[in-house]
Amino acid sequence: CVEYVDDLKRPPVDLRLQEASRVQRVLVDACREAASHLRARHPSFYKGVAEETQGWLAEEVDAARAEDLGRTDTFRFEEDTILKAALAALGERRWQVVLEWAEARVDGDSFWLRSDPARLSAWQLVGDGARLGLAIDGAGPALAARNGLDHAVERYREAGAVVDQAHRHLEQRRLALLYPQLPDFETLRERLDALRARWRTWADAWGREFNAICRAEGFLPSAALQQRTLFEEVVRPLTQEPGTTALFLIDALRFEMGEELYRQLVGTPATTVHLAARLAELPTVTEVGMNVLAPVAERGRLRPVLAGEAVRGFALGEFTVSDPESRKRAIHGRIGGATCPWLTLDEVLGRAAASLKPAGARARLVGVHSREI
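What counts, and at which threshold
Residues numbered from 1 in each chain as written. Predicted model: local features only at pLDDT ≥ 70, side-chain atom pairs only at ≥ 80, totals over all residues. Heavy atoms only, no water. Helix = DSSP H or I, 4+ residues; strand = E, 2+ residues; numbered from the N terminus. Rg over C-alpha atoms; globule rule 2.2 N^0.38 Å. Buried < 20%, exposed > 50% of the residue type's maximum accessible area, 1.4 Å probe, protein only. Contact = heavy atoms within 4.5 Å. Areas by Shrake-Rupley, 256 points an atom, 1.4 Å probe, with all protein chains shown as cover. Lys, Arg positive; Asp, Glu negative; His and termini not counted. Charge placed at Lys NZ, Arg CZ, Asp CG, Glu CD. Salt bridge = Lys/Arg side-chain N within 4 Å of Asp/Glu carboxyl O. Axes fitted to C-alpha atoms, helices over the stretch in contact; angles between N-to-C directions. Parallel < 35°, antiparallel > 145°, perpendicular 65-115°, else oblique. Left-handed = near helix turned anticlockwise from the far one by under 90°. Nonpolar A, V, L, I, M, F, W, Y, C, P; charged D, E, K, R; others polar. Phe/Tyr/Trp six-rings, centres within 6.5 Å; stacked < 30°, edge-to-face > 60°. Lys NZ or Arg CZ within 6 Å of the ring centre and 35° of its normal. pLDDT = per-residue confidence, 0-100. Polar contact = N/O pair within 3.5 Å; in protein donor to acceptor, adjacent residues only side chain to side chain. Pairing = 2+ DSSP bridges.

From N to C terminus, the protein includes 15 helices and five strands. The globule rule puts the C-alpha radius of gyration for 373 residues at 21 Å, and the 28 Å found for the protein is more than 25% above it. On the principal axes, the C-alpha backbone points of the protein span a range of 90 × 55 × 35 Å. When each of the 373 residues of the protein is scored for burial, the buried share is 42%. Considering only intrachain contacts with a sequence separation of at least 6, the fraction spanning at least 24 residues in the protein is 69%. For the protein, the accessible surface area stands at approximately 20,600 Å², while carbon and sulfur atoms represent 54% of it. If the 50 positive side-chain charges of the protein are averaged to one point and the 55 negative ones to another, these points end up 6 Å apart.

We now examine the pattern of salt bridges. A full pass over the atoms with the stated rule returns 35 salt bridges. Put simply, Glu256 and Arg168 hold a salt bridge, and the shortest N to O gap is 2.7 Å. Taken together, the positions of Glu256 in helix H12 (residues 255–265) and Arg168 in helix H9 (residues 149–177) put the pair 88 residues apart, joining distant regions of the chain. One connected set of salt bridges, linked through shared partners, spans Asp6, Asp7, Arg25, Asp29 and Arg32.

Below, the discussion takes up the packing of helix H8 (residues 117–139) against helix H10 (residues 185–217). When two helices pack together, you describe them by how their axes are tilted relative to each other and by the distance separating the axes. Here H8 crosses H10 at 25 degrees, and the two axes come no closer than 10 Å. Between H8 and H10, the crossing angle belongs to the class labelled roughly parallel. At the point where H8 passes H10, the crossing takes the left-handed sense. Side by side, H8 and H10 meet where Ala122, Leu125, Val126, Gly129, Leu132, Gly133, Ile136, Asp137 and Ala139 of the first sit next to Leu188, Leu192, Leu195, Arg198, Trp199, Trp202 and Trp206 of the second. Tallied by class, the residues present in the contact of H8 with H10 amount to 12 nonpolar, two polar and two charged.

Time to look at the packing of aromatic side chains. Geometry of an aromatic ring pair is reported as the spacing of the ring centres plus the angle between the planes. The final tally for this structure, using the stated rule, is eight aromatic pairs. Centroid distance Phe111 to Trp112: 4.9 Å. Interplanar angle 85 degrees. Geometry classified as edge-to-face. Residue Trp112 is classed as buried on the basis of its relative accessible area, which comes to 1%. In this arrangement the basic side chain of Arg105 is found over the ring face of Trp123, its NZ or CZ atom lying 5.7 Å from the centre. Across from the ring centre of Phe319, 3.8 Å away, lies the NZ or CZ of Arg329, which sits over that ring.

A residue-level look at the protein finds 92% of positions with pLDDT of 70 or above and a mean pLDDT of 90. H8 holds the highest mean pLDDT among the elements of the protein, 97, whereas strand E5 (residues 363–368) holds the lowest, 50. Here residues 359–364 is modelled with pLDDT under 50, and outside its nearest four sequence neighbours on either side it reaches 12 contacts, counting other chains as well. In this model, residues 368–373 is a region of pLDDT below 50 whose contacts with residues beyond four sequence positions or in other chains number 32 contacts.

Turning our attention to the side chain of Asn291. With respect to the secondary-structure elements, Asn291 resides in the loop between helix H13 (286–289) and strand E2 (304–307). Looking at Asn291, its side chain comes within polar contact range of the side chain of Arg327, at 2.6 Å. In contact with Asn291, not counting residues within four places along its chain, are Thr286, Val296, Arg312, Gly313, Phe314, Val321, Ser322, Asp323 and Arg327.

With that out of the way, let us pick up the sheet that holds E2. Read from one edge of the open sheet, three strands run E2-E3-E4, paired in antiparallel fashion. Strand pairing shows two members of the sheet lacking a second neighbour, E2 and strand E4 (319–321), which therefore form its edges. Neighbouring strand axes in the sheet, compared pairwise and without regard to direction, differ in orientation by 45 degrees on average. Summarising the sheet, E2 and strand E3 (residues 310–316) pair through four bridges and their orientation is antiparallel. Looking across to E3, one finds that Ala307 is bridged to Ala310.

Here it is in structure tokens:
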């Protein structure tokens, strides 16, 4: 009770607790230390005592408001109250306060979440929902790229990718964790459905503006943003330097996913990491995007090979680049020498483990993706 009153942002309603607000600081600290010790070392005992005590604090339970409660959830009713308030705040689009509540519990040391995985799942979903709401507000409802395709790409890099990343995280978490056993399941699902619809509205609006820019200026951006120039401008120069260049061709790796990978690699010792954006060739299907990653452009132009109305690949000299083997052939033909072994990821990892280089050895990894922004 002393811990609860010390954490409370208003005087206690229950008259029996008012004496606890007049306890000397040294005793308050001792009580808090004892409660923390019991939660950590004797959780079953603490849970029983806390729930029994909560039973005779009916006035405090009835008067509880999330804004009055502190960071330590001494009693279960505190965590219940704050979760309900967070769900209400999600509906009111008060993203920042929801995120603060969620992070304090998910990243903190909430006793009631440790003993209840379903409640932890609910808070993780609530936190991801608040992050998506904040990202959409930060990006704004309009692409507002008044200076053409280059500005549109920069706008997406700075603000749009954050929204898509937050949306992906929420949808992945929802698929894994949203099930009827969660507390306040129906309300939580309703809030997540509303956020999904809000993202859809945002994405459609940005997409329509991007299409309008393409119709006005043409669908091919400046050379520095073209997918077809990537090999000549980025990959081939690296192969002319000493050391090994490993080129990873990854289908459907969106820019926001590349940005997430970038953040994981950027602190690696003795490593320089760069991240840049390119617009995929149209239509953005695997048969186009993956094959254009090979050097198939001739004087800046592509020669598609069609099967009916579908693109099967691209003509390069006397053969068609349409699959991993033909991409390897095209790359080998452009670079020359005893180069360009085509390996599966397992083979790459196997070779790396078998031939670890001494400290100071140099290698470059170039990651590319084949999806539109």
